Amino acid sequence: LDRMQRAIAESEREQQTSSTALLQLGTQLTRLNENLSRESRQLQGLAEAQLESQALLASLAQKEAPVTRLTEELRQELRLLSRTIAGALGAQEPR
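Cut-offs applied
Residues numbered from 1 in each chain as written. Predicted model: local features only at pLDDT ≥ 70, side-chain atom pairs only at ≥ 80, totals over all residues. Heavy atoms only, no water. Salt bridge = Lys/Arg side-chain N within 4 Å of Asp/Glu carboxyl O. Helix = DSSP H or I, 4+ residues; strand = E, 2+ residues; numbered from the N terminus.

Asker: What exactly am I supposed to notice about the pattern of salt bridges here?
Answerer: Pairing between side chains of opposite charge can happen when their charged atoms approach one another. Summed over the entire model, instances satisfying the criterion amount to 4 salt bridges. Note that arginine 6 is salt-bridged to aspartate 2, the shortest N-O span being 3.3 Å. Of this pair, arginine 6 and aspartate 2 both sit in helix α1 (residues 2–92), 4 residues apart, which is roughly one turn of that helix. Close ionic contact of glutamate 10 with arginine 13 constitutes a salt bridge, the shortest N to O distance being 2.7 Å.

Laid out in structure tokens, this is it:
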């Protein structure tokens with residue numbers, strides 16, 4: 001009878017230890033879930049920011065092309081004007 005009582009007492013201690021361990025595990029899983037949710041929201045925000053950045057870069061690239069073309073056209077016109085002025089000045093010089 002004494003051994004049976006000790007076995008029951010030991011079983012109750014083990015059950016208590018197991019219950020405590022399960023509670024701690026549950027708490028840790030809850031924290032992990034909260035952390036994963038927070039990280040997921042942060043990653044979603046980063047993904048949205050990246051999409052916005054890509055759209056902005058595409059928009060800037062589209063606007064840059066006409067500016068680059070206009071700049072090149074102005075350079076060509078200035079070169080032509082410089083040659084014309086140089087030619088006109090050369091023709092006016094006495095020989």
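This is not the end of the story, as more comes after the structure.
Asker: I'm lost on the environment of glycine 45 in this one. Help?
Answerer: Assignment of secondary structure puts glycine 45 in helix α1. A sequence separation of 27 residues divides glycine 45 from glutamate 72, and the C-alpha atoms of the two residues are 40 Å apart.

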